[in-house]
Amino acid sequence: MVWYDEAKYIQDQAKLNNQFFRDSLPMIASENVLSPMCKELLISDFHGRYAEGTPGNRYYEGCEFFDNVERKGIDLAKKLFDCSYADIRPTAGTTANMAILKALIKPGETATVLDLANGAHISFGKWGAAAVRGINLVSYPFNDKEMNIDVDGAVKLIKKVKPTLALNGRSVFLFPSPIREIAEAAHDVGAYLVYDAAHVLGLIAGKQFQDPLREGADVMSGSTHKTFPGPQGGMIVSNHKGETKEDQSFLNRLNFGVFPGVTSSYHLHHVAAKAVALAEHLEYGEAYAKQIIANAQHLGQALHDQGFDVFGENLGFTKSHQILLSVGKGKGREAAKTLEQAGIVTNMNTIPGDTDPLNPSGLRLGTPELTRIGMKKEEMKDVASFYDRVLHKKEDPKKVREDVKRFRADFQEIQYCFKKGFRGYDYHSLI
Ligand SMILES: *Cc1c(COP(=O)(O)O)cnc(C)c1O
(Lines give C-alpha, C1' and ligand atoms only; values in the text may rest on other atoms or scores of the structure.)
Protein backbone atom coordinates (compact mmCIF):
# COMPACT_ATOMS: atom_id res chain seq x y z
CA MET A 1 0.00 0.00 0.00
CA VAL A 2 2.89 2.32 0.70
CA TRP A 3 4.02 2.15 -2.92
CA TYR A 4 0.49 2.77 -4.14
CA ASP A 5 0.61 6.07 -2.28
CA GLU A 6 3.82 6.98 -4.09
CA ALA A 7 2.19 6.25 -7.43
CA LYS A 8 -0.90 8.21 -6.43
CA TYR A 9 1.35 11.12 -5.56
CA ILE A 10 2.64 11.15 -9.15
CA GLN A 11 -0.93 11.11 -10.50
CA ASP A 12 -1.86 13.97 -8.23
CA GLN A 13 1.08 16.05 -9.44
CA ALA A 14 -0.04 15.52 -13.03
CA LYS A 15 -3.54 16.65 -12.14
CA LEU A 16 -2.22 19.72 -10.36
CA ASN A 17 -0.04 20.47 -13.37
CA ASN A 18 -3.07 20.19 -15.68
CA GLN A 19 -4.94 22.58 -13.40
CA PHE A 20 -2.02 25.03 -13.28
CA PHE A 21 -1.77 25.23 -17.07
CA ARG A 22 -5.54 25.34 -17.53
CA ASP A 23 -5.63 28.52 -15.43
CA SER A 24 -2.48 30.13 -16.89
CA LEU A 25 -1.12 31.89 -19.94
CA PRO A 26 1.48 29.44 -21.31
CA MET A 27 3.90 31.57 -23.34
CA ILE A 28 7.04 29.45 -23.63
CA ALA A 29 7.91 29.79 -27.31
CA SER A 30 8.88 26.12 -27.71
CA GLU A 31 5.73 24.68 -26.13
CA ASN A 32 2.32 23.75 -27.44
CA VAL A 33 -0.66 21.53 -26.64
CA LEU A 34 -1.84 18.42 -28.42
CA SER A 35 -5.08 17.97 -30.28
CA PRO A 36 -7.48 15.38 -28.81
CA MET A 37 -6.92 12.99 -31.74
CA CYS A 38 -3.12 13.16 -31.38
CA LYS A 39 -3.43 12.69 -27.65
CA GLU A 40 -5.52 9.59 -28.09
CA LEU A 41 -2.83 7.94 -30.23
CA LEU A 42 -0.27 8.41 -27.46
CA ILE A 43 -2.13 5.91 -25.32
CA SER A 44 -2.77 3.45 -28.14
CA ASP A 45 -1.13 0.01 -28.22
CA PHE A 46 1.58 1.36 -30.54
CA HIS A 47 3.11 2.63 -27.34
CA GLY A 48 4.41 -0.78 -26.36
CA ARG A 49 5.74 -1.96 -29.73
CA TYR A 50 9.02 -2.12 -31.58
CA ALA A 51 9.55 -1.50 -35.28
CA GLU A 52 13.22 -1.14 -36.09
CA GLY A 53 13.95 -0.43 -39.74
CA THR A 54 11.65 1.02 -42.38
CA PRO A 55 8.09 0.06 -43.43
CA GLY A 56 8.09 -3.38 -45.02
CA ASN A 57 11.68 -3.97 -43.92
CA ARG A 58 11.57 -4.79 -40.20
CA TYR A 59 13.57 -6.72 -37.68
CA TYR A 60 10.37 -7.66 -35.79
CA GLU A 61 6.98 -9.10 -36.77
CA GLY A 62 3.63 -7.56 -35.84
CA CYS A 63 4.25 -4.32 -37.72
CA GLU A 64 1.56 -4.54 -40.40
CA PHE A 65 -0.58 -1.68 -39.11
CA PHE A 66 2.32 0.40 -37.94
CA ASP A 67 3.87 0.09 -41.40
CA ASN A 68 0.67 1.64 -42.78
CA VAL A 69 0.92 4.43 -40.22
CA GLU A 70 4.55 5.24 -40.97
CA ARG A 71 4.05 5.07 -44.76
CA LYS A 72 1.07 7.42 -44.50
CA GLY A 73 2.98 9.76 -42.17
CA ILE A 74 5.93 9.96 -44.59
CA ASP A 75 3.55 10.75 -47.47
CA LEU A 76 1.82 13.46 -45.46
CA ALA A 77 5.18 14.99 -44.46
CA LYS A 78 6.35 15.04 -48.10
CA LYS A 79 3.12 16.72 -49.10
CA LEU A 80 3.24 19.28 -46.30
CA PHE A 81 6.84 20.28 -47.00
CA ASP A 82 6.59 19.74 -50.78
CA CYS A 83 9.68 17.54 -50.83
CA SER A 84 10.94 14.15 -51.93
CA TYR A 85 12.36 12.71 -48.68
CA ALA A 86 10.91 12.60 -45.16
CA ASP A 87 11.83 10.69 -42.02
CA ILE A 88 9.41 10.95 -39.10
CA ARG A 89 11.25 8.55 -36.78
CA PRO A 90 13.54 10.88 -34.78
CA THR A 91 12.39 10.96 -31.17
CA ALA A 92 13.29 14.64 -30.72
CA GLY A 93 14.69 17.61 -32.58
CA THR A 94 18.01 16.89 -30.91
CA THR A 95 17.88 13.28 -32.13
CA ALA A 96 17.19 14.50 -35.66
CA ASN A 97 20.21 16.80 -35.45
CA MET A 98 22.41 14.00 -34.12
CA ALA A 99 21.33 11.76 -36.99
CA ILE A 100 22.24 14.48 -39.50
CA LEU A 101 25.62 15.05 -37.87
CA LYS A 102 26.27 11.31 -37.83
CA ALA A 103 25.33 11.13 -41.52
CA LEU A 104 27.09 14.13 -42.96
CA ILE A 105 30.18 15.03 -40.94
CA LYS A 106 33.06 13.14 -39.35
CA PRO A 107 34.81 13.79 -36.03
CA GLY A 108 37.43 16.50 -36.34
CA GLU A 109 35.82 18.12 -39.38
CA THR A 110 34.54 21.70 -39.28
CA ALA A 111 31.00 23.09 -39.25
CA THR A 112 30.00 26.75 -39.22
CA VAL A 113 27.31 27.69 -36.66
CA LEU A 114 25.60 30.49 -34.83
CA ASP A 115 26.80 31.15 -31.27
CA LEU A 116 24.63 30.08 -28.34
CA ALA A 117 24.75 33.67 -27.05
CA ASN A 118 23.14 34.80 -30.31
CA GLY A 119 20.24 32.40 -30.03
CA ALA A 120 21.56 29.08 -31.29
CA HIS A 121 20.50 25.79 -29.71
CA ILE A 122 22.71 23.59 -27.57
CA SER A 123 22.49 20.68 -30.04
CA PHE A 124 24.75 22.64 -32.39
CA GLY A 125 26.85 23.99 -29.53
CA LYS A 126 30.11 22.89 -28.00
CA TRP A 127 28.40 21.26 -25.02
CA GLY A 128 25.73 19.44 -27.05
CA ALA A 129 25.32 16.95 -29.88
CA ALA A 130 28.00 18.65 -31.97
CA ALA A 131 30.45 17.89 -29.16
CA VAL A 132 29.28 14.27 -28.96
CA ARG A 133 30.23 13.98 -32.64
CA GLY A 134 33.55 15.76 -31.95
CA ILE A 135 33.05 18.50 -34.51
CA ASN A 136 35.15 21.60 -34.75
CA LEU A 137 32.76 24.60 -34.57
CA VAL A 138 33.36 28.04 -36.05
CA SER A 139 30.84 30.85 -35.39
CA TYR A 140 29.17 33.20 -37.84
CA PRO A 141 29.40 36.90 -37.06
CA PHE A 142 26.10 38.35 -35.79
CA ASN A 143 24.33 41.65 -36.31
CA ASP A 144 22.81 42.67 -32.94
CA LYS A 145 20.72 45.45 -34.38
CA GLU A 146 18.98 43.24 -36.88
CA MET A 147 19.03 40.19 -34.60
CA ASN A 148 20.34 38.16 -37.48
CA ILE A 149 23.41 36.47 -38.94
CA ASP A 150 25.78 39.00 -40.55
CA VAL A 151 25.38 37.57 -44.02
CA ASP A 152 28.47 39.08 -45.65
CA GLY A 153 30.60 37.98 -42.71
CA ALA A 154 29.09 34.48 -42.84
CA VAL A 155 29.81 34.12 -46.56
CA LYS A 156 33.41 35.24 -46.03
CA LEU A 157 33.81 32.83 -43.13
CA ILE A 158 32.51 29.88 -45.17
CA LYS A 159 34.86 30.69 -48.04
CA LYS A 160 37.75 30.89 -45.61
CA VAL A 161 37.24 27.82 -43.39
CA LYS A 162 35.61 25.59 -46.06
CA PRO A 163 33.41 23.67 -43.61
CA THR A 164 31.91 20.22 -44.23
CA LEU A 165 28.54 21.54 -43.05
CA ALA A 166 27.04 25.01 -42.79
CA LEU A 167 24.58 24.72 -39.89
CA ASN A 168 21.66 27.03 -39.19
CA GLY A 169 19.62 26.55 -36.06
CA ARG A 170 18.06 29.15 -33.82
CA SER A 171 16.06 29.07 -30.61
CA VAL A 172 15.70 32.83 -30.54
CA PHE A 173 14.31 33.27 -34.00
CA LEU A 174 12.60 36.59 -34.69
CA PHE A 175 13.45 36.98 -38.37
CA PRO A 176 14.21 34.57 -41.23
CA SER A 177 17.88 33.60 -41.72
CA PRO A 178 19.68 34.79 -44.87
CA ILE A 179 20.24 31.25 -46.06
CA ARG A 180 20.15 31.81 -49.84
CA GLU A 181 23.54 33.51 -49.68
CA ILE A 182 24.90 31.12 -47.08
CA ALA A 183 23.76 28.07 -49.09
CA GLU A 184 25.42 29.43 -52.22
CA ALA A 185 28.71 29.95 -50.41
CA ALA A 186 28.44 26.51 -48.77
CA HIS A 187 27.77 24.76 -52.07
CA ASP A 188 30.69 26.60 -53.66
CA VAL A 189 33.07 24.98 -51.16
CA GLY A 190 31.36 21.58 -51.36
CA ALA A 191 29.51 21.86 -48.03
CA TYR A 192 25.89 20.93 -47.31
CA LEU A 193 23.54 23.45 -45.75
CA VAL A 194 21.58 22.12 -42.75
CA TYR A 195 18.59 24.13 -41.58
CA ASP A 196 17.37 23.29 -38.08
CA ALA A 197 13.73 24.42 -38.11
CA ALA A 198 12.94 23.18 -34.58
CA HIS A 199 11.08 26.34 -33.57
CA VAL A 200 9.62 27.41 -36.88
CA LEU A 201 8.63 24.07 -38.44
CA GLY A 202 4.90 24.81 -38.17
CA LEU A 203 5.33 28.29 -39.62
CA ILE A 204 7.30 26.91 -42.58
CA ALA A 205 4.73 24.16 -43.11
CA GLY A 206 2.00 26.83 -42.95
CA LYS A 207 3.87 28.79 -45.66
CA GLN A 208 4.24 31.87 -43.46
CA PHE A 209 8.01 31.86 -42.97
CA GLN A 210 10.99 31.33 -45.24
CA ASP A 211 11.02 28.09 -47.24
CA PRO A 212 14.47 26.60 -46.57
CA LEU A 213 14.24 23.71 -49.03
CA ARG A 214 13.55 26.24 -51.81
CA GLU A 215 16.26 28.60 -50.55
CA GLY A 216 19.09 26.11 -50.78
CA ALA A 217 18.97 23.94 -47.64
CA ASP A 218 20.02 20.36 -48.41
CA VAL A 219 18.32 18.99 -45.33
CA MET A 220 15.96 20.38 -42.71
CA SER A 221 15.38 19.03 -39.22
CA GLY A 222 12.72 20.08 -36.77
CA SER A 223 10.92 19.42 -33.51
CA THR A 224 7.33 18.29 -33.95
CA HIS A 225 5.95 20.00 -30.85
CA LYS A 226 6.82 23.69 -31.06
CA THR A 227 5.05 25.79 -33.72
CA PHE A 228 4.28 22.46 -35.37
CA PRO A 229 1.69 21.34 -32.81
CA GLY A 230 2.26 17.59 -32.71
CA PRO A 231 3.61 15.15 -30.12
CA GLN A 232 7.11 15.61 -28.74
CA GLY A 233 9.49 14.32 -31.38
CA GLY A 234 11.48 15.27 -34.45
CA MET A 235 11.64 14.86 -38.19
CA ILE A 236 14.00 15.25 -41.12
CA VAL A 237 13.06 16.35 -44.64
CA SER A 238 15.07 16.93 -47.80
CA ASN A 239 14.43 17.67 -51.42
CA HIS A 240 17.36 15.61 -52.68
CA LYS A 241 15.95 13.00 -55.02
CA GLY A 242 18.71 10.42 -55.05
CA GLU A 243 18.97 10.51 -58.82
CA THR A 244 22.73 10.15 -58.96
CA LYS A 245 24.80 7.60 -57.07
CA GLU A 246 26.27 10.32 -54.89
CA ASP A 247 22.86 11.78 -54.13
CA GLN A 248 21.47 8.35 -53.29
CA SER A 249 24.36 7.89 -50.90
CA PHE A 250 23.46 11.22 -49.25
CA LEU A 251 19.92 9.95 -48.58
CA ASN A 252 21.15 6.52 -47.49
CA ARG A 253 23.46 8.16 -44.99
CA LEU A 254 20.58 10.24 -43.59
CA ASN A 255 18.47 7.12 -43.24
CA PHE A 256 21.32 5.20 -41.61
CA GLY A 257 21.95 8.19 -39.32
CA VAL A 258 18.49 7.80 -37.76
CA PHE A 259 18.59 3.99 -37.51
CA PRO A 260 20.85 2.42 -36.43
CA GLY A 261 22.56 5.77 -35.73
CA VAL A 262 20.53 7.34 -32.96
CA THR A 263 17.34 5.30 -32.47
CA SER A 264 16.25 1.78 -31.69
CA SER A 265 12.66 2.00 -30.50
CA TYR A 266 11.46 5.22 -32.00
CA HIS A 267 8.30 5.65 -29.95
CA LEU A 268 5.71 4.33 -32.38
CA HIS A 269 2.80 6.01 -30.58
CA HIS A 270 4.52 9.35 -31.16
CA VAL A 271 5.00 8.52 -34.84
CA ALA A 272 1.26 7.77 -35.12
CA ALA A 273 0.39 11.04 -33.37
CA LYS A 274 2.86 12.88 -35.65
CA ALA A 275 1.04 11.49 -38.69
CA VAL A 276 -2.28 12.79 -37.36
CA ALA A 277 -0.69 16.17 -36.61
CA LEU A 278 0.64 16.29 -40.19
CA ALA A 279 -2.90 15.71 -41.53
CA GLU A 280 -4.25 18.39 -39.19
CA HIS A 281 -1.57 20.83 -40.29
CA LEU A 282 -2.35 20.20 -43.97
CA GLU A 283 -5.90 21.28 -43.16
CA TYR A 284 -5.38 24.06 -40.61
CA GLY A 285 -1.66 24.88 -40.67
CA GLU A 286 -1.83 27.92 -42.89
CA ALA A 287 -4.52 29.66 -40.85
CA TYR A 288 -2.81 28.67 -37.61
CA ALA A 289 0.64 29.89 -38.65
CA LYS A 290 -0.80 33.18 -39.93
CA GLN A 291 -2.57 33.83 -36.64
CA ILE A 292 0.48 32.87 -34.54
CA ILE A 293 2.63 35.47 -36.33
CA ALA A 294 -0.10 38.13 -36.33
CA ASN A 295 -0.56 37.58 -32.59
CA ALA A 296 3.20 37.85 -31.94
CA GLN A 297 3.28 41.15 -33.86
CA HIS A 298 0.21 42.46 -32.00
CA LEU A 299 1.76 41.41 -28.71
CA GLY A 300 5.03 43.17 -29.58
CA GLN A 301 3.14 46.35 -30.41
CA ALA A 302 0.94 46.13 -27.30
CA LEU A 303 3.94 45.59 -25.01
CA HIS A 304 5.75 48.45 -26.71
CA ASP A 305 2.69 50.64 -26.13
CA GLN A 306 2.88 49.70 -22.44
CA GLY A 307 6.45 51.02 -22.36
CA PHE A 308 8.32 47.71 -22.59
CA ASP A 309 11.66 47.48 -24.35
CA VAL A 310 10.78 45.10 -27.22
CA PHE A 311 13.47 43.99 -29.71
CA GLY A 312 13.16 44.73 -33.42
CA GLU A 313 10.83 47.72 -33.18
CA ASN A 314 11.94 49.13 -36.54
CA LEU A 315 11.52 45.70 -38.13
CA GLY A 316 7.95 45.18 -36.89
CA PHE A 317 9.11 43.34 -33.72
CA THR A 318 9.00 39.86 -35.26
CA LYS A 319 8.22 37.76 -38.30
CA SER A 320 7.91 34.58 -36.25
CA HIS A 321 6.05 33.33 -33.17
CA GLN A 322 8.50 34.96 -30.77
CA ILE A 323 8.99 38.27 -29.01
CA LEU A 324 12.16 39.21 -27.17
CA LEU A 325 11.94 41.68 -24.29
CA SER A 326 14.73 43.41 -22.44
CA VAL A 327 13.79 43.79 -18.76
CA GLY A 328 16.96 45.35 -17.34
CA LYS A 329 20.51 44.17 -16.74
CA GLY A 330 20.43 40.72 -15.10
CA LYS A 331 16.71 40.98 -14.31
CA GLY A 332 15.39 38.22 -16.59
CA ARG A 333 15.17 35.52 -13.95
CA GLU A 334 13.34 37.67 -11.42
CA ALA A 335 10.87 38.89 -14.06
CA ALA A 336 10.08 35.35 -15.20
CA LYS A 337 9.58 34.18 -11.59
CA THR A 338 7.23 37.04 -10.76
CA LEU A 339 5.21 36.46 -13.91
CA GLU A 340 4.93 32.78 -13.01
CA GLN A 341 3.35 33.73 -9.69
CA ALA A 342 0.76 35.61 -11.71
CA GLY A 343 0.11 32.53 -13.87
CA ILE A 344 2.08 33.77 -16.88
CA VAL A 345 4.64 31.19 -17.98
CA THR A 346 7.70 32.46 -19.89
CA ASN A 347 11.46 31.93 -19.81
CA MET A 348 14.41 34.16 -19.10
CA ASN A 349 16.71 34.55 -22.08
CA THR A 350 20.03 36.09 -22.97
CA ILE A 351 19.89 39.15 -25.19
CA PRO A 352 22.72 40.74 -27.20
CA GLY A 353 25.33 42.03 -24.78
CA ASP A 354 24.65 39.42 -22.07
CA THR A 355 27.64 37.41 -20.96
CA ASP A 356 26.15 35.39 -18.07
CA PRO A 357 23.55 32.83 -19.25
CA LEU A 358 22.41 32.28 -15.65
CA ASN A 359 21.61 35.95 -15.15
CA PRO A 360 20.26 37.14 -18.47
CA SER A 361 18.52 40.45 -19.12
CA GLY A 362 15.69 39.29 -21.34
CA LEU A 363 12.47 37.34 -21.60
CA ARG A 364 11.51 35.26 -24.61
CA LEU A 365 7.76 35.08 -25.27
CA GLY A 366 5.85 32.92 -27.72
CA THR A 367 2.29 32.93 -29.06
CA PRO A 368 1.79 29.35 -30.38
CA GLU A 369 -0.21 28.10 -27.42
CA LEU A 370 -2.31 31.21 -26.81
CA THR A 371 -3.18 31.15 -30.52
CA ARG A 372 -4.08 27.48 -30.36
CA ILE A 373 -6.68 28.11 -27.67
CA GLY A 374 -8.29 30.80 -29.79
CA MET A 375 -6.72 34.12 -28.77
CA LYS A 376 -6.49 36.93 -31.32
CA LYS A 377 -5.47 40.58 -31.57
CA GLU A 378 -7.77 41.93 -28.81
CA GLU A 379 -6.54 39.34 -26.35
CA MET A 380 -2.89 40.27 -27.03
CA LYS A 381 -3.69 43.71 -25.61
CA ASP A 382 -5.17 42.10 -22.50
CA VAL A 383 -2.09 39.89 -22.17
CA ALA A 384 0.22 42.92 -22.46
CA SER A 385 -1.70 44.70 -19.73
CA PHE A 386 -1.12 41.75 -17.36
CA TYR A 387 2.64 42.18 -18.01
CA ASP A 388 2.28 45.88 -17.25
CA ARG A 389 0.48 45.20 -13.96
CA VAL A 390 3.06 42.64 -12.81
CA LEU A 391 6.34 44.14 -14.04
CA HIS A 392 5.66 47.91 -14.13
CA LYS A 393 2.92 48.59 -11.61
CA LYS A 394 4.29 45.88 -9.29
CA GLU A 395 0.81 44.70 -8.32
CA ASP A 396 0.65 41.65 -6.09
CA PRO A 397 1.13 38.77 -8.57
CA LYS A 398 -1.32 36.60 -6.59
CA LYS A 399 -4.02 39.18 -7.21
CA VAL A 400 -3.20 39.42 -10.90
CA ARG A 401 -3.33 35.65 -11.03
CA GLU A 402 -7.02 35.67 -10.11
CA ASP A 403 -7.71 37.94 -13.10
CA VAL A 404 -5.52 35.80 -15.37
CA LYS A 405 -7.55 32.78 -14.34
CA ARG A 406 -10.85 34.53 -15.09
CA PHE A 407 -9.50 35.76 -18.44
CA ARG A 408 -8.29 32.28 -19.36
CA ALA A 409 -11.64 30.67 -18.48
CA ASP A 410 -13.06 31.71 -21.88
CA PHE A 411 -10.23 29.97 -23.75
CA GLN A 412 -10.32 26.28 -22.95
CA GLU A 413 -10.82 24.57 -26.29
CA ILE A 414 -8.06 23.67 -28.71
CA GLN A 415 -8.50 25.12 -32.20
CA TYR A 416 -6.93 24.31 -35.60
CA CYS A 417 -7.50 20.56 -35.22
CA PHE A 418 -10.06 17.90 -36.05
CA LYS A 419 -13.00 18.16 -33.67
CA LYS A 420 -14.65 14.94 -34.79
CA GLY A 421 -13.07 11.53 -34.88
CA PHE A 422 -11.41 11.15 -31.53
CA ARG A 423 -12.98 8.77 -29.13
CA GLY A 424 -13.60 10.74 -26.04
CA TYR A 425 -10.49 11.47 -24.07
CA ASP A 426 -11.01 14.87 -22.59
CA TYR A 427 -8.25 17.40 -23.29
CA HIS A 428 -7.54 18.04 -19.64
CA SER A 429 -8.29 14.70 -18.04
CA LEU A 430 -5.43 12.37 -17.30
CA ILE A 431 -6.87 9.33 -19.05
C1 LIG B 1 14.25 23.10 -29.35
C2 LIG B 1 15.37 23.06 -30.32
C3 LIG B 1 16.02 21.86 -30.64
C4 LIG B 1 15.81 20.60 -29.85
O5 LIG B 1 14.64 20.03 -30.00
P6 LIG B 1 14.12 18.94 -28.95
O7 LIG B 1 12.96 18.42 -29.70
O8 LIG B 1 13.82 19.68 -27.71
O9 LIG B 1 15.20 17.93 -28.78
C10 LIG B 1 16.97 21.85 -31.63
N11 LIG B 1 17.29 22.97 -32.28
C12 LIG B 1 16.71 24.16 -32.00
C13 LIG B 1 17.12 25.36 -32.77
C14 LIG B 1 15.76 24.24 -30.99
O15 LIG B 1 15.21 25.42 -30.68
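Residues numbered from 1 in each chain as written. Predicted model: local features only at pLDDT ≥ 70, side-chain atom pairs only at ≥ 80, totals over all residues. Heavy atoms only, no water.

Asker: Describe the site of the ligand, naming the residues involved and giving the relevant values.
Answerer: Around the ligand sit 15 residues in total, of which Gly-93, Thr-94, Ser-171, Asp-196 and Lys-226 are the nearest. For the ligand, an oxygen atom lies 2.8 Å from a polar atom in the backbone of Gly-93. Here the ligand has 380 Å² of accessible area as a free molecule, and 87% of this is covered by the chains. Broken down by class, the residue content of the shell around the ligand amounts to 2 nonpolar, 10 polar and 3 charged. (Near = heavy atom within 4 Å. Polar contact = N/O pair within 3.5 Å; in protein donor to acceptor, adjacent residues only side chain to side chain. Areas by Shrake-Rupley, 256 points an atom, 1.4 Å probe, with all protein chains shown as cover. Nonpolar A, V, L, I, M, F, W, Y, C, P; charged D, E, K, R; others polar.)

Asker: Go over the sheet that holds strand 6 (residues 136-139) with me, naming the residues and quoting the values.
Answerer: In any sheet, the strands associate via hydrogen bonds between backbone groups, in a parallel or an antiparallel arrangement. Strand order in this open sheet of 7 strands is 4-12-11-10-9-5-6, and the pairing throughout is mixed. Whereas interior strands pair on both sides, the edge strands pair on one side only; in this sheet they are strand 4 (85-87) and strand 6. Sheet twist, expressed as the average angle between the axes of neighbouring strands with direction ignored, equals 20 degrees. Strand direction decides the pairing type here: strand 11 (residues 219-223) and strand 12 (residues 234-238), joined by 4 bridges, are antiparallel. Note that in strand 12 the partner of Gly-222 across the bridge is Met-235. Here helix 7 (residues 179-188) sits on the sheet in contact with strand 9 (165-169) and strand 10 (192-196), set at roughly 145 degrees to strand 10. (Pairing = 2+ DSSP bridges. Helix = DSSP H or I, 4+ residues; strand = E, 2+ residues; numbered from the N terminus. Axes fitted to C-alpha atoms, helices over the stretch in contact; angles between N-to-C directions. Contact = heavy atoms within 4.5 Å.)

Asker: Could you give an account of the pairing of strand 11, with specific residues and numbers?
Answerer: Within strand 11, 5 of the 5 residues are buried, which leaves it mostly tucked inside the rest of the structure. On strand 11, burial covers both faces: Val-219, Ser-221 and Ser-223 on one face and Met-220 and Gly-222 on the other are all buried. The pairing of strand 10 with strand 11 spans 3 bridges and is parallel. Each residue of the ladder has a partner; that of Val-194, found in strand 11, is Val-219. (Buried < 20%, exposed > 50% of the residue type's maximum accessible area, 1.4 Å probe, protein only.)

Asker: Break down the packing of aromatic side chains for me, citing the residues and quoting the values.
Answerer: Per the counting criterion, the structure on display carries 12 aromatic pairs. Ring geometry for Phe-20 versus Phe-21: centroids 5.1 Å apart, planes at 85 degrees, classification edge-to-face. Owing to a relative accessible area of 27%, Phe-21 belongs among the partly exposed residues under this scheme. Its end group placed over the ring of Tyr-288, Arg-372 keeps NZ or CZ at 5.9 Å from the ring centre. (Phe/Tyr/Trp six-rings, centres within 6.5 Å; stacked < 30°, edge-to-face > 60°. Lys NZ or Arg CZ within 6 Å of the ring centre and 35° of its normal.)

Asker: An account of the environment of Val-138 is requested, with residue identities and associated values reported.
Answerer: Note that Val-138 resides in strand 6. Taking the C-alpha atoms as reference, Val-138 lies 15 Å from Leu-101; in sequence the two are 37 residues apart. Contact partners of Val-138, with chain neighbours within four places excluded, come to Thr-110, Ala-111, Thr-112, Val-113, Leu-157 and Val-161.

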